[in-house]
Amino acid sequence: MRDIRLLMEREVGDAAAKRPEQCRAIPLGSKACGGPQSFLVYSTAVSNERRLQELARQYAEAEEKYNRVTGAVSTCSFLMPPEVHLDHGKCKSRPHQAERR
């Protein structure tokens, strides 16, 4: 999983973008009871989106297998995708409105 994660981080790079619509978030990993562990923010301007999606799929499959083999447990909370925005030429995430209160 570590190698796949490193490949994903290289693909994301600095997440540079010129327009807000170039900023996206992709689910990352797999909780033991379902859903992603987190989200990775990236820019379509610098990342190969199809490659990143394939790496994310491989990472989630590897973590699902790890969870089964080890009998892992996790919270069953639902993780919302982050709000993404363009900040000084870089794609970043920010908490949802409800989380900022």
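Up top is the structure these notes are about.
These lines cover the structure that appears in this document, whether it is placed above or below.

Thresholds, definitions, all that
Residues numbered from 1 in each chain as written. Predicted model: local features only at pLDDT ≥ 70, side-chain atom pairs only at ≥ 80, totals over all residues. Heavy atoms only, no water. Disulfide = S-S within 2.5 Å. Helix = DSSP H or I, 4+ residues; strand = E, 2+ residues; numbered from the N terminus. Buried < 20%, exposed > 50% of the residue type's maximum accessible area, 1.4 Å probe, protein only. Expected span 1.5 Å × (residues − 1). Arc of directions from axis to C-beta. Contact = heavy atoms within 4.5 Å. Pairing = 2+ DSSP bridges.

Evaluated as defined, the whole model comprises two disulfides. The residue that forms a disulfide with Cys23 is Cys91, at a sulfur-sulfur distance of 2.1 Å. Its S-S torsion of approximately -80° makes the covalent link between Cys23 and Cys91 left-handed. Taken together, the positions of Cys23 in strand S1 (residues 23-28) and Cys91 in strand S4 (residues 90-94) put the pair 68 residues apart, joining distant regions of the chain. Here Cys23 falls in the buried class, since its relative accessible area comes to 6%. Covalently, Cys33 is tied to Cys76 through a disulfide, its sulfur atoms 2.3 Å apart. Placement of the pair is Cys33 in the loop between S1 and strand S2 (38-43) and Cys76 in the loop between helix H2 (49-70) and strand S3 (83-87), with a sequence separation of 43 residues. A residue is classified by how much of its surface remains accessible, and Cys33, at 38% relative accessible area, is partly exposed.

Its 22 residues give H2 an end-to-end C-alpha distance of 31 Å, which sits within 8% of 32 Å, the value for a rise of 1.5 Å per residue. Within H2 the residues assigned to the buried category are Leu52, Leu55, Ala56, Tyr59, Ala60, Glu63 and Asn67. With its buried residues spanning 140° around the axis, H2 presents them on a single face. In H2, the exposed positions angled more than 90 degrees off the buried face are occupied by Arg50, Lys65, Arg68 and Val69. On its buried face, H2 sits against helix H1 (2-12), S1 and S2.

Where S3 and S4 come together, five bridges link them in antiparallel fashion. Bridging from a neighbouring strand, His85 pairs with Lys92 of S4. Here S3 hands over to S4 after two residues, with His88 in that stretch at a positive phi of 50°.

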